[in-house]
Amino acid sequence: MPMTDDIRYVGVNDREVDLFEGLYVVPNGVAYNSYVIMDEKIAVMDAVDARFGDAWVNNVREALSGRKPDYLVVHHMEPDHSAAIALFMEAFPEAVIVSSAKAFPMMKAFFGTDFDGRRIIVKEGDKLELGKHVLQFITAPMVHWPEVVMSYDACDKTLYSADGFGKFGALDAEEDWACEARRYYFGIVGKYGAQVQAVLKKASGLDIRTIRPLHGPVLEGEALTRALELYDIWSSYRAESEGVLIAYTSVYGHTRVAAEQLADQLRAKGVKVAMQDLARCDIAEAVEDAFRYDRMVLATTTYNADIFPPMRQFLTWLSERGYRNRKVGLIENGSWAPMAAKVMRAMLGGCKDVTIVEPVVKIQSALNTESAAQLDTLAEAMA
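Since this is a predicted model, take the numbers as computed values, not measurements.

### Some words on the packing of helix α5 (residues 177-189) against helix α9 (residues 283-292)
Then, in step 1: Relative orientation of the contacting elements α5 and α9 amounts to 95°, with a least axis distance of 9 Å. When the axes of α5 and α9 are compared, the pair comes out roughly perpendicular. Along its contact with α5, which presents C179, R182, R183 and F186, the element α9 presents A284, E285, V287, E288, F291 and R292.

Here it is in structure tokens:
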């Protein structure tokens, strides 16, 4: 579908995928975005997933209306955006690939060739002149792979942002941008906050009116402004909202009762509360909530002298993604030898600037007068 007189969309919606990257639940699918810039010379911006290679090449042919592409610009080599590169190069034998130096060894690994003789290597500040459209390249290493580049077209004041500013969900999905962009960011990009901050600093020197990410909708106007604000918050590990996430696991329901009682107490004090049952929820949504709010309470049982497996998985995800700058309360349950608080403290030890809020609530099997009083005190401290 045409987007402007000289920018054509040739990407695809994937409504078949159930797990993005084999891990993230995507009930509304995902989009693999690709564009054609029609000018004196023609640049195709990125490829798509292997399952949609033929459809994408057909989209490109239709957009070209008999012309031939001069360049395939590859911003990111993750297979959901690069798997159809070889198919494209076979279909258009005069085309040249434009990408970073680190991208071509990846092509060699994926396709058995690095397209020597049909490539242009670009670095920070390099330009690709198409006519009135001139692409200026911005290196974005580890956002979220090492080879990533973005490109800025001053003609349209457009940033082609690779996976940055992307979201889950096909383009025909009617859903809030921030919710699925947040889950996407913290699941996939969240570890690399410092690198995102570096790119935001570069972007601040550009007059950007449009962002075209590799996943999700084109961002313009208020949506673009809000996306930039959120990326600054997320990548600096600041809380987006005041509130408490209560993340819990419960074997026979007693820990859940304590978690729900705490939630009721906090709500009565006017505190926003989100709850996640880690054994049943989408863990990526629980991670999203942990980074969204400024406080968190973890409630779990001792299990094999450790903690219940879904809680261990959750804390591993948080640690790997750089969880920091938060206040955290702990609730442990154990019928004869409670160990959960000790294990959770140790796992949180790798997270910067995390403050454990006292008291740690110790439940032995079920709430009693003593542990209920501790819960009351924790509610006061968290509020």
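### As for the sheet that holds strand β10 (residues 119-121)
Then, in step 1: Strand order in the open sheet formed by 6 strands is β1-β6-β7-β8-β9-β10, and the pairing between neighbours is mixed. Looking along the sheet, the strands with just one partner apiece sit at the ends: β1 (7-9) and β10. Taking each pair of neighbouring strands and ignoring which way they run, the sheet shows an average axis angle of 20°.
Then, in step 2: One ladder, built from 3 bridges, connects strand β7 (residues 43-45) with strand β8 (residues 71-73); its direction is parallel. Bridging from a neighbouring strand, M45 pairs with V73 of β8.
Then, in step 3: Each of β9 (96-99) and β10 is contacted by helix α4 (residues 103-111), which is oriented at about 125° to β9, the strand it contacts most.

### Thoughts on helix α1 (residues 53-64)
Quick reminder: α-helices carry 3.6 residues per turn. Residues three or four places apart thus point the same way.
Then, in step 1: For α1, built from 12 residues, the straight-helix expectation of 16 Å at 1.5 Å per residue is met to within 8% by its first-to-last C-alpha distance of 17 Å.
Then, in step 2: G53, W56, V57, V60, A63 and L64 are the residues of α1 that are buried. Here the buried residues of α1 occupy an arc of 125° about the axis, which is enough to place them on one side. Relative to its buried face, α1 has exposed residues pointing more than 90 degrees away, namely D54 and E62.
Then, in step 3: Here the buried face of α1 lies against β1, β6 (35-37), β7, β8 and α3 (85-91).
Then, in step 4: A positive phi of about 50° marks S65, the residue just after α1.

### A closer look at the nonpolar core
Then, in step 1: Counting residues in hydrophobic clusters, the biggest one holds 100 residues, and the most contacted among them are W56, I85, L298 and F314.
Then, in step 2: Counting residues per element, this core draws most heavily on α5, which supplies 8 residues.
Then, in step 3: I85 has contacts with A47, L72, V74, M77, I97, M107, F111 and F115, leaving out every residue within four places of it along the chain.
Then, in step 4: Counting 20 residues, the second largest nonpolar core, distinct from the first, contains Y248, V271, I331 and V361.

### Considering the pairing of strand β13 (residues 149-153)
Then, in step 1: Judged by how many residues are buried, β13 sits mostly within the fold: 5 of 5 residues are covered.
Then, in step 2: Residues of β13 alternate between two faces, with V149, S151 and D153 on one and M150 and Y152 on the opposite face, all of them buried.
Then, in step 3: In this sheet, β13 lies alongside strand β12 (residues 134-139) in antiparallel orientation, the contact comprising 5 bridges. Across the sheet, residue F137 finds its bridge partner in β13, namely S151.
Then, in step 4: In this structure, β13 lies alongside strand β14 (residues 158-160), joined through 3 bridges in antiparallel fashion. Looking at β14, one finds that S151 is bridged to Y160.

### Looking at the packing of α9 against helix α10 (residues 309-320)
Then, in step 1: Look at α9 against α10: their axes get within 10 Å of each other, and the N-to-C directions meet at 55°. In this view, α9 runs oblique relative to α10, as classed from their interaxial angle. The way α9 lies across α10 gives a crossing that is right-handed. Side by side, α9 and α10 meet where I283, A284, A286, V287, A290 and F291 of the first sit next to Q313, F314, W317 and L318 of the second.
Then, in step 2: Here the contact of α9 with α10 is composed, by residue class, of 9 nonpolar, 1 polar and no charged.

Rules used throughout
- Residues numbered from 1 in each chain as written.
- Predicted model: local features only at pLDDT ≥ 70, side-chain atom pairs only at ≥ 80, totals over all residues.
- Heavy atoms only, no water.
- Axes fitted to C-alpha atoms, helices over the stretch in contact; angles between N-to-C directions.
- Helix = DSSP H or I, 4+ residues; strand = E, 2+ residues; numbered from the N terminus.
- Parallel < 35°, antiparallel > 145°, perpendicular 65-115°, else oblique.
- Contact = heavy atoms within 4.5 Å.
- Pairing = 2+ DSSP bridges.
- Expected span 1.5 Å × (residues − 1).
- Buried < 20%, exposed > 50% of the residue type's maximum accessible area, 1.4 Å probe, protein only.
- Arc of directions from axis to C-beta.
- Core = buried A, V, L, I, M, F, W, Y, C linked by side-chain atoms within 4.5 Å.
- Left-handed = near helix turned anticlockwise from the far one by under 90°.
- Nonpolar A, V, L, I, M, F, W, Y, C, P; charged D, E, K, R; others polar.

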